[in-house]
Amino acid sequence: MTKNINMEYVLASLTYISFIILPVLVPLIFAIIFRKNKFILFHSIQAMFIHIILLEFISLSIPFFKSICKYIFILSINTQNPMIDNLEIVFGILYLLVVITPILLGTYYSSGGKWFRFPLIGFISEKIVHYLDK
């Protein structure tokens, strides 16, 4: 069974995945180049907002994350509890899930051709697309 790959869906999903290489820049370029295609434009704008929010989340939470890890490390030295040693790993995995989940959701739904809207961000992106369409 073969599937027909729609290039529009692939390009829309690339805007989310680009967070790994060039966050914000690739969705902006795609929004400019493909401004006539509503599907790619919508996902480009939404991906740009997601990238900005994730970059802010990462930059604001790293000092907090470092202080928690330092506290857990000090606690593990004093108590010799093996459960406390694993807390750093658990916090790291949770942190990674918070960052990766929106990217994977956006990639999955846009590659399937769905107009998936993130709460609030999707509404704003939709309004921008309708404004640019006039």
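The structure contained in this document is the topic of the report that follows.

So, on to the overall build of the protein. Counting its secondary structure elements, the protein contains six helices and zero strands. Listing the helices and strands of the protein from first to last along the sequence gives α-α-α-α-α-α. Here the contacts in the protein between residues at least 6 apart in sequence split such that 74% fall between residues at least 24 apart.

The full count for this structure, using the stated rule, is two salt bridges. Asp133 is the partner of Lys38 in a salt bridge, and the nearest nitrogen-oxygen pair spans 3.0 Å. In this pair, Lys38 sits in helix H3 (residues 38-79) while Asp133 sits in helix H6 (residues 121-133), placing the two residues 95 residues apart along the sequence. Note on Lys38: relative accessible area 37%, which makes it partly exposed. Here Glu126 and Arg117 are joined by a salt bridge, their closest N and O atoms 2.7 Å apart. Since its relative accessible area comes to 21%, Glu126 is described here as partly exposed. For Arg117, a relative accessible area of 40% puts it in the partly exposed group.

Next up on the list: the packing of helix H1 (residues 7-17) against helix H2 (residues 25-33). Contact geometry of H1 with H2 gives a least axis separation of 7 Å together with a crossing angle of 150°. One element, H1, and the other, H2, form an angle in the roughly antiparallel class. Considering how the two elements wind past one another, H1 and H2 form a crossing that is left-handed. Contacts from Leu11, Leu14 and Thr15 in H1 reach Val26, Pro27 and Phe30 in H2. Taken together, the residues of the contact of H1 with H2 break down into five nonpolar, one polar and no charged.

In this section: unusual backbone geometry. Positive phi, normally seen in glycine, also occurs at Val24, with a value near 70°. In this structure, Val24 sits in the loop between H1 and H2. Even without being glycine, Leu120 reaches a positive phi, approximately 65°. Exposure remark for Leu120: the relative accessible area of 63% places this residue in the exposed category.

Rules used throughout
- Residues numbered from 1 in each chain as written.
- Predicted model: local features only at pLDDT ≥ 70, side-chain atom pairs only at ≥ 80, totals over all residues.
- Heavy atoms only, no water.
- Helix = DSSP H or I, 4+ residues; strand = E, 2+ residues; numbered from the N terminus.
- Contact = heavy atoms within 4.5 Å.
- Salt bridge = Lys/Arg side-chain N within 4 Å of Asp/Glu carboxyl O.
- Buried < 20%, exposed > 50% of the residue type's maximum accessible area, 1.4 Å probe, protein only.
- Axes fitted to C-alpha atoms, helices over the stretch in contact; angles between N-to-C directions.
- Parallel < 35°, antiparallel > 145°, perpendicular 65-115°, else oblique.
- Left-handed = near helix turned anticlockwise from the far one by under 90°.
- Nonpolar A, V, L, I, M, F, W, Y, C, P; charged D, E, K, R; others polar.

Any functional reading would require information that these geometric values do not contain.
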